[in-house]
Amino acid sequence: MKNGWVAMAVVTLGALTAAAFDSSGTLLLEERCDTPSKLVRRSGEHVTLPDGTAALKVTGNEKRPFSGVRLRLPLKPEYAEKVLYLRARLKYENVSKPLRPWNGVKFMITTRLNGKFQYHQRGSEYGSREWFDAEIYAPLDPGAEPQATFSIGLEDSTGTLYVRDIQARVMNLTDLYPAYAPAGYRPQYTRRVLDERRRRGTMSPSTFLPDSTISQDLPELKRWGANLIRWQLIRNWGKTGTDQDTAEYLEWVKARIPEVRQVLDFAVANDMKVVLDLHVPPGGRRKRGDMNMFHERKFADAFLEAWKLLASAVKGHPALYGYDLINEPTAWSKTPIDYLGLQYEAAKVVRAIDPETPIIIESNLWCKAATYKYMQLIPLQDVIYQLHFYTPTEYTHMGVGGRKNRPEFRYPGKFRTTGGSEIMLDKNYLREQLRPAREFQLKHGVKIYVGEFSAVRWAAGREQYLADLIDLFEEYGWDWSYHAFREWSGWSVEHSDNKEETEPTAAPTLAKQVLLEAFKRNQSRP
């Protein structure tokens, strides 16, 4: 068969051999690619490399959008609330940069729910890379259609991909993310947390300037009516491979402590609360956002040490809303150090120093609401669970990070996502996207905090998008902080919706009016 022929095979469950490198869950398929099997012949070319490794060779073709393995597998009803897991060893050479960021080296699971495709995939990879283990997983919702598709190959790129040791499994969520609380555990909150008034505010500026932030910016935020600020300790945002020197990282954390104290003192004098947010991790992030501290113990230990420093410096301060352990943890697969387990370690470190201030735990994959489908409880007192909301990103982030600016996308309104699904973007859509976090709240009786939500200022209908989200947060009893106050102008509510205008407007924008109206609720005690 020609290279790049797309195999659309249905694999019978239980018909293949036992797993080679993972025994969790139920094996759906295994293909070692060490013989020219039917699957290999249909997907590319069986080759033996100079080092003796046998593999499937896939060659990208400009005239064919996808080349490689595409397998359709049946799903049983009992797989609901479990997770599909796909793993393979990959190597690629001279893969061209794709036109779209979700193409290139393709490693994806596709499911379908309520008639809409759900895409779970690694981000764009191209260039050359030696053998590595690629992994991806996809939680299965009740009502998902009884079929999933696995895709491994090259899309919208030329070059060569080598594949071997393909394995797919259906697993329990706890196979990927173990439970830390005993069965039947119910979260516990002290009167301090239960009687705390509702908190509504914003993210902080990303740069602290004592002469202006304390004297001008924070007083202005107080005049708006906000009673909460999420104070971010941040540098090198959006970069990869940063903060590799753990000693230097910890010195940076120490150097930020005086500013944190200043902000806390301002807050206590102005009836505000502060979320202390460690916004960047030691070891930084990898290309797709994975945190290195989930892969290397030296970075994890530095993370724990950072929280020893911070908690010791500010413990018991009356303005502290909570310790936000790490911003937007991300682990795309099983990691040597579990993303939630490391937060649990840090929480216990903080609790040994400060037994009273709440701990704020964030969910996986940039703290998305959807990941609350497999979120686990932390068995400590006064734990608050956080989520961030930028959904759909085609709307909230249009024109950001290489994304197209799509002025035809508006709220409310219909548009087609990058995955090809047409959605009606309205309040009902927002409610559905928040559902996993809401169900987690109701099931366990936990306190939820929305640490970030926003849409770029040139997104049509932004003010209604924000108003509808805030209405839902209020309905659910969630505290929240808008992203962001006097940070990047794209998120600003003081700038107009004209992307080219770089200075704040004199008259309040519609988005600012939404926040000001919401902050009026802070004048009452509930």
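Quick note: structure is the one above.
Read on for an overview of the structure. (Residues numbered from 1 in each chain as written. Predicted model: local features only at pLDDT ≥ 70, side-chain atom pairs only at ≥ 80, totals over all residues. Heavy atoms only, no water.)

## Observations concerning the packing of aromatic side chains
Taken as a whole and judged by the stated rule, the model has 27 aromatic pairs. Summarising the aromatic geometry, the rings of Y476 and W478 are spaced 4.9 Å apart at their centres and angled 55 degrees between planes, so their arrangement reads as tilted. Judged by relative accessible area, which is 8%, Y476 ranks as buried. Taken together, the ring pairs connect F453, F473, Y476, W478, W480, Y482 and F519 into an aromatic cluster. Seen from the ring of Y344, K348 lies directly overhead, with NZ or CZ sitting 4.2 Å from the centre. (Phe/Tyr/Trp six-rings, centres within 6.5 Å; stacked < 30°, edge-to-face > 60°. Buried < 20%, exposed > 50% of the residue type's maximum accessible area, 1.4 Å probe, protein only. Lys NZ or Arg CZ within 6 Å of the ring centre and 35° of its normal.)

## Things to note about the packing of helix α5 (residues 246-269) against helix α6 (residues 297-314)
Here α5 crosses α6 at 25 degrees, and the two axes come no closer than 10 Å. Comparing their axes, α6 and α5 come out roughly parallel. When you trace α5 past α6, the crossing you get is right-handed. Where α5 approaches α6, its residues T246, Y249, L250, V253, K254, I257, V260, R261 and L264 are matched on the opposing element by K298, F299, A302, E305, A306, L309, L310, A313 and V314. Taken together, the residues of the contact of α5 with α6 sort by class into 13 nonpolar, 1 polar and 4 charged. (Axes fitted to C-alpha atoms, helices over the stretch in contact; angles between N-to-C directions. Helix = DSSP H or I, 4+ residues; strand = E, 2+ residues; numbered from the N terminus. Parallel < 35°, antiparallel > 145°, perpendicular 65-115°, else oblique. Left-handed = near helix turned anticlockwise from the far one by under 90°. Contact = heavy atoms within 4.5 Å. Nonpolar A, V, L, I, M, F, W, Y, C, P; charged D, E, K, R; others polar.)

## A short note on the layout of surface pockets
If you add up the space inside the second largest pocket, you get close to 680 Å³. At the level of elements, α2 (173-176) and α10 (427-444) are the ones that each hand at least two residues to the lining of the second largest pocket. Among the elements that make up the lining of the second largest pocket, the one with the highest residue count is α10 (7 residues). Taken together, the residues of the lining of the second largest pocket break down into 18 nonpolar, 6 polar and 8 charged. (1 Å grid on protein atoms, 1.4 Å probe; cavity = no way out; pocket = protein on both sides within 12 Å on 5 of 7 lines; lining within 4 Å. Points joined across faces, edges and corners; volume = space filled by probe spheres on them.)

## Quick word on unusual backbone geometry
For the bond from T391 to P392, the omega torsion is -10 degrees, close enough to zero to count as cis. Tracing the chain through its elements places P392 in the loop between β17 (383-389) and α9 (393-396). With omega at 5 degrees, the peptide bond leading from H483 into A484 counts as cis. Structurally, A484 is set in the loop between β21 (479-482) and α12 (510-519).

These results come straight from atomic positions and should not be treated as a statement about function.
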